[in-house]
Amino acid sequence: MLKKFTFGTPIETEAVIFGEVITGSQESTPYFSIGLSGKDQEQAHVLTYRMGDHDIIYGLGENIRGINKRGWLYESNCTDDPKHTEDKHSLYAAHNFFLVDGKQRFGVFVDAPQKVTFDFGYSDRELMTVTVAHGGFALYILEGDNLRQMVKEFRHAIGRSYIPPKWAMGYGQSRWGYKNAEDIRRVVREHRDNQVPLDSVYMDIDYMERFKDFTVDEDKFPDFPQFVKEMQEQNIHLVPIIDAGVKIEEGYEVYEEGVEKGYFCKKEDGTEFVGGVWPGRVHFPDMLDEEARAWFGRKYQFLTDQGIDGFWNDMNEPALFYGEDHLKEVFHELNEYQKKELDIYSFFGLKATVLGVANYPEDYKTFYHNYRGERVRHDSVHNLYGYYMTRAAGEAFDKIEPDKRLLLYSRASYIGMHRYGGIWMGDNCSWWSHLLMNLQMLPGLNMCGFLYTGADLGGFGADTTEDLMLRWLELGIFTPLMRNHSAAGTRQQEFYQFGHREDFRNIIGLRYGFLPYLYGEFVKAAVTDDMMFLPLSFVYPEDETAAGVEDQLMAGESMMIAPVYKQNAAGRYVYLPEEMKLYRMRSTTSMDTEILPAGHHYVKAELNEVLVFLRPDHLVPFAKGGCNVEELKTSSVNLLHFVRTKASYDWYDDDGYTKNMDMEQGITRITAASDGAVTLSGRKQCDCRLI
Ligand code: MIG
């Protein structure tokens, strides 16, 4: 059971919404000793815990470094930082939940929307220090013997994870730089002509009129509703981006209405805060204000009315190229520099001043929200902004489409947002290390409720290569969000930019083979508050070797994945906690299998081969393929299998749109005996065969 300890006056975040919570006083907080640092307004709470030598720390959702978070300093302070290097502390999200496993086993959720730092043995190898910046917060502590069970308990308390429509688990092609309808048509044509499956094409900021939210540039998309229809006829969903900042422009309805109704964030003097982002000068809608939020959410209807059924919310940390007031000061400072000789000190001073304009921390202290009837300075609730923007959309969708799931995901997030949408992992780079980081982030995200997630496959920034693209897809075929996305100015990375089209066709095709399993495992995980991707130790808690594995994951009930993530590697080392059956897959129809004993193995994998390991007495329903989710036939599936005595699997499926997940109706129990006999029970009529 969750125990709640309150420090000062916490700001309600609506992260924890269910469950009995025992409330304890600050003095009775277990595990941690509590101190204060700093003065007055800036006073911070400091929680300290002495770790055991072999304690492992899991969690923190979207962040850099490994599955075991020990040994580094992390920070929850949602930031638009497109260089996810090892020396960073924070990405776009604030996911303040972690589990400590070792000397003692407990879970911690620091429910604080302000800045929080987690020093997990960085300053002192044995010490864990959690520092919560100025203001109150709630601390939740969780106990238990089983890590997976503890996560379930936490997840139950924060509410059911967002479930996307089934098509959103198909393959999506994106690039910042598709300029117009013709560019998008080409993407679709290339995929269809080459029989490379595809379900969605993304529309990045270029589709808008001067980067204004809820507009479509008519020169680029002459008859947009007709274009949406043309795409739908080919089973392609268009997914436009929505940015947080609203352009300041006379005559622009969203801007004018927002000003008139007072829905934008204001400064101390009551005038609107002005920041700079893509459109130039913008105001930020006060997503925390209930009325403003409902208003912003309703705006999505401009696009849903034209047939759009999916969105990604960007720049909602919120990212700031500059704050207008600070920018003026900077220009003034630059004038001063003009008079100086630029030596070692002043040159670097100049550089820091200019580069420091973006996401300048002081800017976040100059505007306010109207939150739950009170005026709150932004920095006290900073980490809620992206969450509440996505909530704006999610709540609106329930009204716009009461019976149908829409696709929605965000860049910035906080725990609680997982009920309204998923997240993508932001601006990674086309680096091999980021392929591994993609894998390592998955279990932490699942712990925090984010099941619908994935990284920009192939890498966003920097130039990719064909082998990196293929290897990355070989992981991406398992992540619920499977999207190839890249930045303007980088090497193009649609499959048809490379030489070996058949490899891409086969690898992406495998995703559609696994789709019945992945979709079913996804919905089951969401409905039962479970994880879909787990560290090995969550399934094999007694196995000390498994606890140290940083590059393999359990993927749902039946399998383990171990992608190759090194350049030119002809295979990789894999650790098996028990005997497993290796499926080495080249396509939905070409694969070889081998039963491997528990222990360490070097397993070969050519560039066009995917490694999947089945657990004993487990099954995986595997579709025969299709060029999009709509075409995927689930009335007849094959079974990947490793049957020693008897295997049974509860396969969940539904129409892909319903919001009322009925487990009884949706589950088909498939049983396979060692002699090869397969039986089904449940409501589904299906032809299932072992392959
Ligand atoms: O700062 O809309 O993370 O996916 O392509 C760049 C342009 C703004 C950041 C997003 C990225 C998107 C890009 N955006």
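Since this is a predicted model, take the numbers as computed values, not measurements.

Q: Quick rundown of the overall build of the chain? Include the residues and the values.
A: Check the secondary structure of the chain and you find 15 helices and 43 strands. Over its C-alpha atoms the chain spans a radius of gyration of 25 Å, differing by no more than 12% from the 26 Å that the globule rule assigns to 691 residues. Projected onto its principal axes, the C-alpha coordinates of the chain cover approximately 80 × 65 × 55 Å. Taking all 691 residues of the chain together, 62% fall into the buried category. By sequence separation, contacts in the chain at least 24 residues apart represent 72% of the contacts at least 6 residues apart. Carbon together with sulfur atoms contributes 47% to the accessible area of the chain, which is approximately 25,900 Å² in total.

Q: Tell me about empty space enclosed by the protein, and please be specific about residues and values.
A: Taken as a whole and assessed by the stated rule, the structure comprises eight cavities of 30 Å³ or more. In this structure, the largest cavity is lined by R471, E474, L475, F478, I561, A562, P563, V564, A605, E609, V610 and L611. Secondary-structure elements contributing two or more residues to the lining of the largest cavity are α12 (466-476) and β37 (610-614). Element by element, the count of residues in the lining of the largest cavity is highest for α12, at three residues. Of the residues in the lining of the largest cavity, the class split is nine nonpolar, no polar and three charged.

Q: A description of helix α1 (residues 147-158) should follow, citing residues and the corresponding values.
A: With 12 residues, α1 extends 17 Å from end C-alpha to end C-alpha; this agrees with the ideal 16 Å at 1.5 Å per step. Of the residues making up α1, those classed as buried are L147, R148, M150, V151, F154, R155, A157 and I158. Put simply, N146 is the residue that caps the front of α1, since its side-chain oxygen is 3.0 Å from the backbone nitrogen of R148. Just beyond α1, the residue with positive phi is G159, at close to 90°.

Q: Break down the side chain of D55 for me, citing the residues and quoting the values.
A: If you trace the backbone, D55 turns up in the loop between β4 (44-50) and β5 (56-59). Buried within the structure, D55 lacks any salt-bridge partner; R70 is the closest side chain of opposite charge, at an N-O distance of 5.1 Å.

Q: Describe the sheet that holds strand β18 (residues 275-277), and please don't skip the residues or the numbers.
A: Hydrogen bonds between backbone groups are what pair the strands of a sheet, and the pairing can be parallel or antiparallel. Read across the open sheet, the four strands follow the order β16-β19-β18-β21; overall the sheet is antiparallel. Of all strands in the sheet, those bounded by a partner on one side alone are β16 (246-247) and β21 (322-323). Pairing between β16 and strand β19 (residues 280-283): two bridges, direction antiparallel. Considered in β19, the bridge of K247 is made with V282.

Q: Lay out the site of the ligand with the relevant residues and their values.
A: Around the ligand, a shell composed of 13 residues is seen, among which D204, D314, R411, D427 and H485 lie nearest. Taking D204, its side chain carries an N or O atom lying 2.5 Å from an oxygen atom of the ligand. Separating an oxygen atom of the ligand from a side-chain N or O atom of H485 is a distance of 2.9 Å. Contact with the protein chains hides 95% of the accessible area of the ligand, taken as 350 Å² for the molecule alone. Here the shell around the ligand is composed, by residue class, of eight nonpolar, one polar and four charged.

Q: Give me the lowdown on the environment of M532, citing residues and values where you can.
A: Summarising the element assignment, M532 is placed in the loop between α13 (501-527) and β30 (533-534). Here M532 falls in the buried class, since its relative accessible area comes to 2%. Remark: the alpha-carbon pair of M532 and N446, spanning 86 residues in sequence, is separated by 6.9 Å. With residues up to four places along the chain from it excluded, the contact list for M532 reads N446, L451, P480, L518, E521, F522, A525, M554, A555 and G556.

Q: Let's hear about the pairing of strand β38 (residues 618-622): which residues, and what values?
A: For β38, the buried fraction is high: five of the five residues fall into the buried class. Both β38 and strand β39 (residues 636-642) contribute to a ladder of five bridges, which runs antiparallel. Counterpart to H618 in the pairing with β39 is F642.

Cut-offs and rules
- Residues numbered from 1 in each chain as written.
- Predicted model: local features only at pLDDT ≥ 70, side-chain atom pairs only at ≥ 80, totals over all residues.
- Heavy atoms only, no water.
- Helix = DSSP H or I, 4+ residues; strand = E, 2+ residues; numbered from the N terminus.
- Rg over C-alpha atoms; globule rule 2.2 N^0.38 Å.
- Buried < 20%, exposed > 50% of the residue type's maximum accessible area, 1.4 Å probe, protein only.
- Contact = heavy atoms within 4.5 Å.
- Areas by Shrake-Rupley, 256 points an atom, 1.4 Å probe, with all protein chains shown as cover.
- 1 Å grid on protein atoms, 1.4 Å probe; cavity = no way out; pocket = protein on both sides within 12 Å on 5 of 7 lines; lining within 4 Å.
- Points joined across faces, edges and corners; volume = space filled by probe spheres on them.
- Nonpolar A, V, L, I, M, F, W, Y, C, P; charged D, E, K, R; others polar.
- Expected span 1.5 Å × (residues − 1).
- Polar contact = N/O pair within 3.5 Å; in protein donor to acceptor, adjacent residues only side chain to side chain.
- Lys, Arg positive; Asp, Glu negative; His and termini not counted.
- Salt bridge = Lys/Arg side-chain N within 4 Å of Asp/Glu carboxyl O.
- Pairing = 2+ DSSP bridges.
- Near = heavy atom within 4 Å.

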